[in-house]
Amino acid sequence: EAGVTQFPSHSVIEKGQTVTLRCDPISGHDNLYWYRRVMGKEIKFLLHFVKESKQDESGMPNNRFLAERTGGTYSTLKVQPAELEDSGVYFCASSPSSGYNEQFFGPGTRLTVL
Amino acid sequence: AQRVTQPEKLLSVFKGAPVELKCNYSYSGSPELFWYVQYSRQRLQLLLRHISRESIKGFTADLNKGETSFHLKKPFAQEEDSAMYYCALSSIFGNEKLTFGTGTRLTIIP
């Protein structure tokens, strides 16, 4: 079974540009989470989808970040316009609705804003 | 507010020696506690969770509600244990966000 996939693996952009990150969860997982790790700091929660609905977006840092989950399948996270402090590793995780609460993580997207 | 504290950023232990990675938490109510591990060039993966009370790869962790701790232990370290370890918590009600500590990089010295 394929795990959580994320694209791209790396992205280098200039301040002010737009970047879109994509996450494909494990098939059948209703829950999809975005996290990010800024250099030297902890992995922080951004938001949580249940199917196509935003269940919790309390971790979104500001309105430059926009997340969507089309049809309850894959999700995108767009940063527009990107700032230097947005650099970090963005992780996606998914989990099923039933059973234990294990979240399965993707490999992450390393974003560098110059 | 919920918080996870891992006081050691770096920890080096000789092969065969005991390992203890510290984790303390603050949470209103009863949390579920986890240890996640990230080996070199691999993705973050669940090592163990307190609710299952399993021993994975020789690691155990006991939830101490009085001390609000969830320290990770292994009696005899192995070289393949070198990795980044994150303590995390979530609601016991399931399917909610994880709150992570800053992580401890464990290096096993041959």
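Before reading on, note that the structure itself is shown above.
These numbers were taken from a predicted model, which means no experiment stands behind them.

Cut-offs and rules
Residues numbered from 1 in each chain as written. Chains lettered and ligands numbered in written order. Predicted model: local features only at pLDDT ≥ 70, side-chain atom pairs only at ≥ 80, totals over all residues. Heavy atoms only, no water. Pairing = 2+ DSSP bridges. Helix = DSSP H or I, 4+ residues; strand = E, 2+ residues; numbered from the N terminus. Salt bridge = Lys/Arg side-chain N within 4 Å of Asp/Glu carboxyl O. Buried < 20%, exposed > 50% of the residue type's maximum accessible area, 1.4 Å probe, protein only. Disulfide = S-S within 2.5 Å. Contact = heavy atoms within 4.5 Å. Polar contact = N/O pair within 3.5 Å; in protein donor to acceptor, adjacent residues only side chain to side chain.

**A word on the sheet that holds strand E7 (residues 60–61) of chain B**
All names here are of chain B.
Step number 1: What the three strands build is an open sheet, ordered E3-E8-E7; its pairing is antiparallel. One side of each edge strand has no neighbouring strand; the edge strands of this open sheet are strand E3 (19–21) and E7.
Step number 2: Note that E3 and strand E8 (residues 72–74) share three bridges and pair antiparallel. Paired with Glu20 across the bridge in E8 is Lys73.

**Notes on the pattern of salt bridges**
Step number 1: Tallying each qualifying case throughout the model produces nine salt bridges over all chains.
Step number 2: A:Asp86 serves as the salt-bridge partner of A:Arg36, at 4.0 Å between the closest nitrogen and oxygen. One end of the pair, A:Arg36, is in strand E4 (residues 31–37); the other, A:Asp86, is in the loop between strand E8 (75–79) and strand E9 (88–95), and 50 residues separate them in sequence.
Step number 3: Classification of A:Arg36 as buried rests on a relative accessible area of 14%.
Step number 4: Across the salt bridge formed by B:Glu79 and B:Lys15, the nearest N and O atoms sit 3.8 Å from each other. Highlighted residues: B:Glu79 in the loop between E8 and strand E9 (83–91) and B:Lys15 in the loop between strand E2 (10–14) and E3, separated in sequence by 64 residues.
Step number 5: On the basis of relative accessible area, B:Glu79 is assigned to the partly exposed category, the value being 40%.
Step number 6: By relative accessible area, B:Lys15 is classed as exposed at 51%.
Step number 7: Taken together, the salt bridges that share partners define one network made up of A:Arg36, A:Arg64 and A:Asp86.

**Describing the state of the cysteines**
Residue and element names in this part refer to chain B.
Step number 1: Under the definition given, this model contains two disulfides over all chains.
Step number 2: One disulfide in the model links Cys23 with Cys87; its S-S distance is 2.0 Å. Classification of the bridge connecting Cys23 and Cys87 rests on its S-S torsion, roughly -65 degrees, and on that basis the disulfide is left-handed. In this pair, Cys23 is assigned in the loop between E3 and strand E4 (24–26) and Cys87 in strand E9, connecting sequence segments 64 residues apart. Across the pair, exposure class does not vary: Cys23 and Cys87 are buried alike.

**Things to note about the environment of A:Lys54**
Residues and elements named next belong to chain A.
Step number 1: By the element assignment, Lys54 lies in strand E6 (residues 53–56).
Step number 2: The spatial distance from the C-alpha of Lys54 to the C-alpha of Leu77 is 13 Å, given a sequence separation of 23 residues.
Step number 3: In this view, Lys54 contacts Leu47, His48, Phe49, Leu66 and Ala67; residues no more than four positions away in its chain are not counted.
Step number 4: A distance of 3.1 Å separates the side chain of Lys54 from the backbone oxygen of Ala67, its partner in a polar contact.

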